[in-house]
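Chains, contacts and geometry: an overview
These are the residues of each chain, in order.
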Amino acid sequence: MMSTLKLELEPFRFDGMSDERPMVIAGPCSAESEMQMVETAKQIAALGIKIFRAGIWKPRTRPNSFEGYGSKALPWLKSVKEETGMLIATEVANVKHVYESLKAGVDILWIGARTTANPFSVQEIADTLKGIDIPVMIKNPVNPDVELWIGAIERLNSAGIRRLAAIHRGFSTSEKSNYRNEPNWQIPIELKRRIPELPMITDPSHICGKRAGLLEISQKAMDLNFSGLIIETHINPDEAMSDAAQQLTPSALGELLHQLIIRNAEAENGSLATLEELRVDIDKNDDLIMDILEIRMKIAEQIGQYKKEHNISILQSKRWDSILQKRTEIGFRKGLSNEFIETVFKAIHEESINHQTKVMGVNKEHL
Ligand code: PEP
Ligand code: MN
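This structure is a prediction, so every number in the text was calculated from the model and none was measured. (Residues numbered from 1 in each chain as written. Chains lettered and ligands numbered in written order. Predicted model: local features only at pLDDT ≥ 70, side-chain atom pairs only at ≥ 80, totals over all residues. Heavy atoms only, no water.)

Side note on the coordination of the manganese ion (ligand 2)
Selection rule: Here the coordinating atoms are restricted to nitrogen, oxygen and sulfur within 2.8 Å of the metal centre, or 3.2 Å for Na, K and Ca, and because water is not among them the sites may look incomplete. Starting at the N terminus, helices and strands are each numbered in turn, a helix being any DSSP run of H or I of at least four residues and a strand any DSSP run of E of at least two. Partly exposed describes any residue whose relative accessible area lies between the buried limit of under 20% and the exposed limit of over 50%, with all areas from a 1.4 Å probe on protein chains only and scaled to the type maximum.
Surrounding the manganese ion (ligand 2) are the protein donor atoms C29 (SG), H206 (NE2), E232 (OE) and D243 (OD), which sit 2.1 to 2.4 Å from the metal. Binding-site remark: the manganese ion (ligand 2) is held by donors from one chain whose sequence spacing is C-x176-H-x25-E-x10-D. Taken together, the positions of E232 in strand β8 (residues 228–232) and D243 in the loop between β8 and α10 (250–259) put the pair eleven residues apart, joining distant regions of the chain. By relative accessible area, E232 is classed as buried at 1%.

Some remarks on the packing of helix α6 (residues 146–158) against helix α7 (residues 186–194)
Applied cut-off: Here an axis means a line fitted to C-alpha atoms, over the contact stretch when the element is a helix, while the angle between two N-to-C directions is reported on a 0 to 180 degree scale. Orientation is classified from the angle alone, with under 35 degrees giving roughly parallel, over 145 giving roughly antiparallel, 65 to 115 giving roughly perpendicular, and any other angle giving oblique. A crossing counts as left-handed when the near helix is turned anticlockwise from the far one by less than a right angle, and as right-handed when that turn is clockwise. Between two residues, a contact is recorded if the distance between any of their heavy atoms is within 4.5 Å. The residue classification treats Ala, Val, Leu, Ile, Met, Phe, Trp, Tyr, Cys and Pro as nonpolar and Asp, Glu, Lys and Arg as charged. All others, Gly included, are polar.
Taken N-terminus to C-terminus, the directions of α6 and α7 make an angle of 45°; their axes are 10 Å apart at the nearest point. By the angle between their directions, the pair α6 and α7 is classed as oblique. With respect to the hand of their crossing, α6 and α7 are arranged in right-handed fashion. In this structure, α6 uses V146, E147, W149, I150 and I153 to contact α7, whose residues at the interface are I187, P188, E190, L191 and R194. Here the contact of α6 with α7 is composed, by residue class, of seven nonpolar, no polar and three charged.

Re helix α3 (residues 95–103)
Threshold: Pairing of N or O atoms within 3.5 Å defines a polar contact, subject to two protein rules: one partner must be a possible hydrogen donor and the other a possible acceptor, and residues neighboring in sequence count only if both atoms are side-chain atoms.
When α3 is considered as a whole, its buried residues turn out to be H97, V98, E100 and S101. Contacts made by the buried residues of α3 are with α2 (74–84), β3 (87–91), β4 (108–111) and α5 (119–128). Regarding α3, its N-cap is N94, as a side-chain oxygen of that residue lies 3.2 Å from the backbone nitrogen of K96 further along. After α3 finishes, the residue G105 shows a positive phi value of roughly 80°.

Concerning the packing of aromatic side chains
This is how it is decided: Only the six-membered ring of Trp is used, alongside the rings of Phe and Tyr, when aromatic pairs are assigned; centres must lie within 6.5 Å, and planes under 30 degrees apart are stacked while those over 60 apart are edge-to-face, with the rest tilted.
Applying the stated criterion across every chain yields a total of five aromatic pairs. Ring centres of F66 and Y69 lie 5.2 Å apart, and the angle between their planes is 65°; on these two criteria the pair is classed as edge-to-face. By relative accessible area, which is 17% here, F66 ends up buried. Judged by relative accessible area, Y69 falls into the partly exposed class, the value being 31%. Connected via pairs of aromatic rings, a cluster forms that spans F66, Y69 and W76.

Considering the packing of helix α1 (residues 34–45) against α2
Packed helices, taken two at a time, are described by the angle between their axes plus the distance between the axes. Relative orientation of the contacting elements α1 and α2 amounts to 35°, with a least axis distance of 9 Å. Between α1 and α2 lies a crossing whose hand is right-handed. Residue-level contacts link E34, M37, V38, A41, K42 and A45 of α1 to W76, L77, S79, V80, E83 and T84 of α2. Of the residues in the contact of α1 with α2, the class split is seven nonpolar, two polar and three charged.

Some points on the domain arrangement of the chain
To keep things clear, this is the line we draw: Boundaries between domains were set according to an automatic or database domain assignment.
Taken domain by domain, the chain consists of domain 1 (23–259) and domain 2 (271–366). Averaged C-alpha coordinates put domain 1 and domain 2 at centres separated by 41 Å.

Thoughts on the site of ligand 1
Operational definition: Any residue with at least one heavy atom within 4 Å of a molecule or strand is counted as near it. Note on areas: these come from Shrake-Rupley sampling with a 1.4 Å probe, and a residue is covered only by the protein chains present in the view.
Every residue near ligand 1 is listed here: C29, R53, K58, E91, W110, G112, A113, R114, K139, R169, H206 and E232. Side-chain polar atom of R114 to an oxygen atom of ligand 1: 2.8 Å apart, as the coordinates give it. One of the side-chain N or O atoms of H206 is found 3.2 Å from an oxygen atom in ligand 1. Protein burial of ligand 1: of its 300 Å² of free accessible surface, 98% is covered by the chains. A breakdown of the residues in the shell around ligand 1 according to their chemical character gives three nonpolar, two polar and seven charged.

With respect to the pattern of salt bridges
Oppositely charged side chains are able to pair whenever their charged atoms sit close together. Basically, it comes down to this: Salt bridges, as used here, are contacts in which a Lys or Arg side-chain nitrogen is within 4 Å of a carboxyl oxygen on Asp or Glu.
Going through the model one piece at a time under the given rule, you end up with 16 salt bridges. D203 serves as the salt-bridge partner of K139, at 2.8 Å between the closest nitrogen and oxygen. Here the residue K139 occupies a position in strand β5 (residues 136–139), and D203 occupies one in the loop between β7 (200–202) and α8 (204–208), the gap between them amounting to 64 residues. Counted as one network, the salt bridges with shared partners bring together E147, E190, R193 and R194.

Considering the nonpolar core
Nonpolar side chains tend toward joint burial in soluble globular proteins. For the record, the criterion: In this text, buried Ala, Val, Leu, Ile, Met, Phe, Trp, Tyr and Cys residues form a nonpolar core when linked through side-chain atoms within 4.5 Å.
By size, the foremost hydrophobic cluster in this structure holds 63 residues, and its most contacted members are L156 and L191. For L191, the contacting residues outside a window of four places in its chain are V146, W149, I150, I153, A166, L198 and M200. The next biggest cluster of nonpolar side chains, apart from the first, holds 15 residues, and it includes M17, W110, A165 and I230.

Things to note about unusual backbone geometry
For the bond from R21 to P22, the omega torsion is -5°, close enough to zero to count as cis. Along the chain, P22 turns up in the segment before β1 (23–27). A positive phi angle, near 40°, is found at N184, a position not held by glycine. Here N184 is to be found in the loop between β6 (164–168) and α7. You will see that D243, though not glycine, has its phi angle at about 50°, which is positive.

A word on the layout of surface pockets
Note the threshold: Put plainly, a pocket is an open set of points on a 1 Å grid over the protein atoms alone with protein on both sides within 12 Å along at least five of seven lines, a cavity is a set where a 1.4 Å probe fits but cannot get out, and a lining residue has an atom within 4 Å of a point. Grid points are joined across faces, edges and corners, and a volume is the space filled by probe spheres set on the points.
Here the largest pocket defines a volume of roughly 610 Å³. Among the residues making up the lining of the largest pocket, the classes are represented as 16 nonpolar, three polar and eight charged.

Quick look at the environment of Q302
Of note, Q302 is situated in helix α11 (residues 269–310). Accessibility expressed as a relative area gives 58% for Q302, which makes it exposed. Residues Q302 and Q356, spaced 54 residues apart in sequence, show a C-alpha to C-alpha distance of 8.0 Å.

See the structure below:
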């Protein structure tokens, strides 16, 4: 298991902002006009939100869709700051974007998912930011690769950027999915394990791709004790020039935030005893699971010995299929999801094969 990383980080904090959770960032997918920006911002600021987002340069999959107004839209972002006092944030993907954003007084930069996937681009941005004290948020790469995400964070940190945050916006998949980008929660969880002091901000808008599900994803992020949410918000979402289906009106955003249940990060004293007891129980059960796994692998080794003596191949697909099927059925009755049972038993099966292989003294690649 990879150990935790020591980065030179400072709290992702801003003057005049308290530490409340969640830290909310809201604003349109794209800057479309000064009126759209300022009106949206005023309504968002009225909800008590302090950070405004808007895309100036939009990375789009196909060339003929709206790719943002570019530099021309930077003064609109400035107007938001002047009229509402909010901090302004935008996406940068290259050196030109960084220079122009800094010149326009942008307070927070973010690196988009497509850019994080490209170490050359991230390095170029990091080199440009050397010696500049500006907070940077790094979206997960489009592909589910935690190392690539960590690599981008390291590049920025090595350039001297200390106020860093990660944005979890989900991952591309070729599978049919209910989400625009699969949340793959285990990836941001792993990132938090590796860099515990790094704030994690979830972007339910790009995970869902539509308004349905935004609350559920936001709640899950809060249940995991993540630090913040970045939610696309537009005064007239249906008419938005990009990502129309997923944007909320400021009042719908207010409603969503109102419905969120924010749990305590740590147990309070009163409930501590019960929690401790439950944890002792969990530990006991985890020990039992370990004992049973040990026994199971010993049996697998005996089977390996038998197969060796009788010259039978290790992988018996039919048998494996029936194990999986039976366990999934039992799992269903026990309230365990198919995905969970499949993941657990695939891992057990693989470990079992490894034990048998060792006994038989053959190379696993030859199976
Ligand atoms: C965005 O935030 O509008 C955006 C383009 O996001 P992502 O990089 O996550 O696709
Ligand atoms: Mn968007």
